Amino acid sequence: MSLLNYFSTQPKSASIAKERLQIIVAHQRRERSSIMSDFLPDLQKELIEVVRKYIEIRDEDVNIRVEQAENYEVLEVNIALPDSSIVKIHTK
Amino acid sequence: MGNISYLLLRAEKLANQNSDPKIIVVTSGKGGVGKTTTSAAFATALALRNYPTVVIDFDVGLRNLDLVMGCERRVVFDFVQVINGECSLNQALIKDRRVENLYILPASQTRDKDALTLKGVARVLEALKKRFQYIICDSPAGIEHGAIMAMYFADEALIVTNPEVSSVRDSDRIIGMLASKTRRAVQNLEPIKEHLLLTRYVEKRVGRGDMISAKDVQEILAINLLGVIPESSSVLQSSNAGIPITLDQNSDAGEAYHDAVARFLGEEPPKRDKKGLFSRLFGN
């Protein structure tokens, strides 16, 4: 009897599947629909090159993220600067 | 009144037969969900309705459509050889012995998928368009070169999906590719018409809550549901024998495929004593 009770209180696996799929498909579609997803990797690469002209940074110091809001997208660029003591400023 | 609608239906049928040839890709992303079974079933059902139909195996290196169609011993030349100009299209096309108007273009078994080029595929499809009303492209699994070749020139797509998480997710990936990596997408033309075909459906398990329902899959993928094919022992039996399931008069799966083809052609599926899965689920 206890076993039966156990199963009856669990949500059915099909509804768990549906919920998980809705989340993953929504995520996949957001990524696809972003107008920026196509050129994001290139943008990141070029940004690193530009910043490197002036400051020595590592590849992983530049982070780019696109955030979706209701009807607009936010492009968030985060550049972590190294310790000021080792910053080498290039002067032209 | 009945007469008028009958005439309209006839007119529509005639218009269909005279309309531009259509390229249909049968795709899924995930393997083993029933692409080849569906390609064989669909092509056969269309030919049975007198539409000149050819079905092409795009799974270069892993050819199987010939087996499911029961013509494996008649394969002499293949799709890649036609592309490379090593034989003529006519030499490679195999005429079905059971159904008028039905031809098979087999894949090469010795090459790999890179043997297909956009230019080569385009040339063969153009030649086929002059002879056939429906050109069915049986896609390989995956999202790589072979799958893209199969979908690139399509006008319509049958997305074969099992009511199971990995298949549904992969189908969504394929829907994304249809909308971005195909001729219609690249040239900014009217998008490919997508149809969802749910296969290996077990209504009992849906009722018990351990299989996702057709309604839920349709809601998640948000594309037109063309048909629901029940899990059926007759599918394995027919592939064992090399007989497309739509030639089996007694198969529930075959019947469901015929109904899907009727919906595809914009007809009302025939009324039956025992209603099909789709009708019971969606009431038409």
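Please read all numbers here as calculations on a predicted model, not as lab measurements. (Residues numbered from 1 in each chain as written. Chains lettered and ligands numbered in written order. Predicted model: local features only at pLDDT ≥ 70, side-chain atom pairs only at ≥ 80, totals over all residues. Heavy atoms only, no water.)

**Considering the packing of helix α2 (residues 13-33) of chain A against helix α11 (residues 214-221) of chain B**
As a reminder of what qualifies: Working convention: axes come from line fits to C-alpha atoms, limited for helices to the stretch in contact. Angles between N-to-C directions cover 0 to 180 degrees. Segments assigned H or I by DSSP are reported as helices when at least four residues long, segments assigned E as strands when at least two residues long, and all are numbered from the N terminus. For classification, angles of less than 35 degrees are called roughly parallel, those exceeding 145 degrees roughly antiparallel, those between 65 and 115 degrees roughly perpendicular, and all remaining angles oblique. Left-handed describes a crossing whose near helix is turned anticlockwise from the far helix by less than a right angle; the clockwise case is right-handed. We call two residues contacting when some pair of their heavy atoms lies within 4.5 Å.
Interhelical geometry of α2(A) versus α11(B) gives an angle of 20 degrees and a closest axis separation of 9 Å. Our classification of the angle between α2(A) and α11(B) gives roughly parallel. α2(A) and α11(B) meet at a crossing whose hand is right-handed. Note on element contacts: α11(B) touches α2(A) through B:D216, B:E219, B:I220 and B:L221, opposite A:K18, A:L21, A:Q22, A:V25 and A:R29.

**What to know about the pattern of salt bridges**
As a reminder of what qualifies: By definition, a salt bridge exists where a carboxyl oxygen of Asp or Glu is found within 4 Å of a side-chain nitrogen of Lys or Arg. Buried residues are those whose accessible area, probed at 1.4 Å on protein chains only, stays under 20% of the maximum for their type, while exposed residues exceed 50% and partly exposed ones sit between those limits.
Scanning all chains against the criterion turns up 16 salt bridges over all chains. Salt-bridge contacts for A:D59 lead to A:R52; the nearest nitrogen and oxygen are separated by 2.5 Å. According to the relative accessible area criterion, A:R52 is partly exposed, its value standing at 38%. B:K95 is the partner of B:E100 in a salt bridge, and the nearest nitrogen-oxygen pair spans 3.6 Å. Classification of B:E100 by relative accessible area gives exposed; the value is 55%. When salt bridges that share partners are traced, they join A:K18, B:D216 and B:E219 into one network.

**Digging into the interface of chain B and chain A**
What counts here: Two parts placed together each lose some accessible area under a 1.4 Å probe, and adding up what both lose gives the buried area. Each polar contact in these results corresponds to two N or O atoms within 3.5 Å; when the atoms are within protein, one needs to be able to donate a hydrogen and the other to accept it, and residues that are neighboring in sequence are counted only if both atoms are side-chain atoms.
With 17 residues of chain B at the contact, the number on the chain A side is 13 residues. When the buried surface of chain B facing chain A is broken down by residue, B:R169, B:D172 and B:I220 rank first, second and third, together holding 40% of it. Where chain B meets chain A, there are four salt bridges. Residues A:R32 and B:D172 are paired through a salt bridge, measuring 3.1 Å at the closest nitrogen-oxygen approach. At the junction of chain B and chain A, the tally comes to eight residue pairs in polar contact (both at pLDDT 80 or more).

**Quick look at helix α8 (residues 165-178) of chain B**
Note the following rule: Expected helix span is computed as 1.5 Å times (number of residues minus one).
End to end, α8(B) covers 20 Å across 14 residues, agreeing with the expected 20 Å (1.5 Å per residue, within 8%). Within α8(B) the residues assigned to the buried category are B:S167, B:V168, B:S171, B:D172, B:I174, B:I175, B:G176, B:M177 and B:L178.

**Topic: the sheet that holds strand β6 (residues 156-161) of chain B**
Residue and element names in this part refer to chain B. How we decide: Should DSSP find at least two bridges between two strands, the strands are regarded as paired.
Taken together, the eight strands give an open sheet; going across it, the order is β3-β4-β2-β5-β1-β6-β7-β8, and neighbouring strands pair in mixed fashion. Edge positions in the open sheet fall to β3 (94-95) and β8 (224-230), since each of these has one partner strand only. Of the strand pairs in this sheet, strand β1 (residues 22-27) and β6 are connected by four bridges, and their pairing is parallel. Looking at β6, one finds that V25 is bridged to A157.

**Examining the side chain of B:E267**
Structurally, the position occupied by B:E267 is in the loop between α13 (252-264) and α14 (277-282). According to the relative accessible area criterion, B:E267 is buried, its value standing at 18%.

**What about a nonpolar patch on the surface?**
Quick note on the threshold: The patch calculation keeps residues exceeding 30% relative accessible area without a salt bridge and links them within 9 Å when they carry like charges or within 5 Å when they are nonpolar (Val, Leu, Ile, Met, Phe, Trp, Tyr). All accessibility values rest on the Shrake-Rupley procedure with a 1.4 Å probe; residue burial counts only the protein chains present in the view.
A contiguous nonpolar surface patch, about 320 Å² in accessible area, is contributed by A:L75, A:V77, A:I79 and A:L81. Residue placement: A:V77 occurs in strand β2 (residues 73-79).

**A few points about the packing of aromatic side chains**
All names here are of chain B. The following threshold applies: Only centres within 6.5 Å qualify two rings of Phe, Tyr or Trp (six-membered ring in Trp) as a pair; their planes then separate them into stacked at under 30 degrees, edge-to-face at over 60, and tilted for everything else. Cation placement over rings: the criterion is NZ of Lys or CZ of Arg within 6 Å of the ring centroid and within 35° of the ring normal.
All chains considered together, the criterion is met by six aromatic pairs over all chains. Judged by centre distance (5.5 Å) and plane angle (65 degrees), the ring pair of Y103 and F132 falls under edge-to-face. With Y103 in strand β4 (residues 102-105) and F132 in the loop between α6 (118-129) and β5 (134-138), this residue pair connects regions lying 29 residues apart in the sequence. We note that Y103, like F132, is buried. Ring plane angle 75 degrees and centroid distance 4.9 Å describe the contact between Y152 and F153, whose orientation is recorded as edge-to-face. A residue is classified by how much of its surface remains accessible, and F153, at 13% relative accessible area, is buried. Counting every residue linked through ring pairs, the aromatic cluster contains F42, Y51, Y134 and F264. Positioned above the aromatic ring of Y103 is the side chain of R131, whose terminal nitrogen or guanidinium carbon lies 5.3 Å from the ring centre. Just above the ring of F278 sits the side chain of R263; from NZ or CZ to the centre is 3.6 Å.

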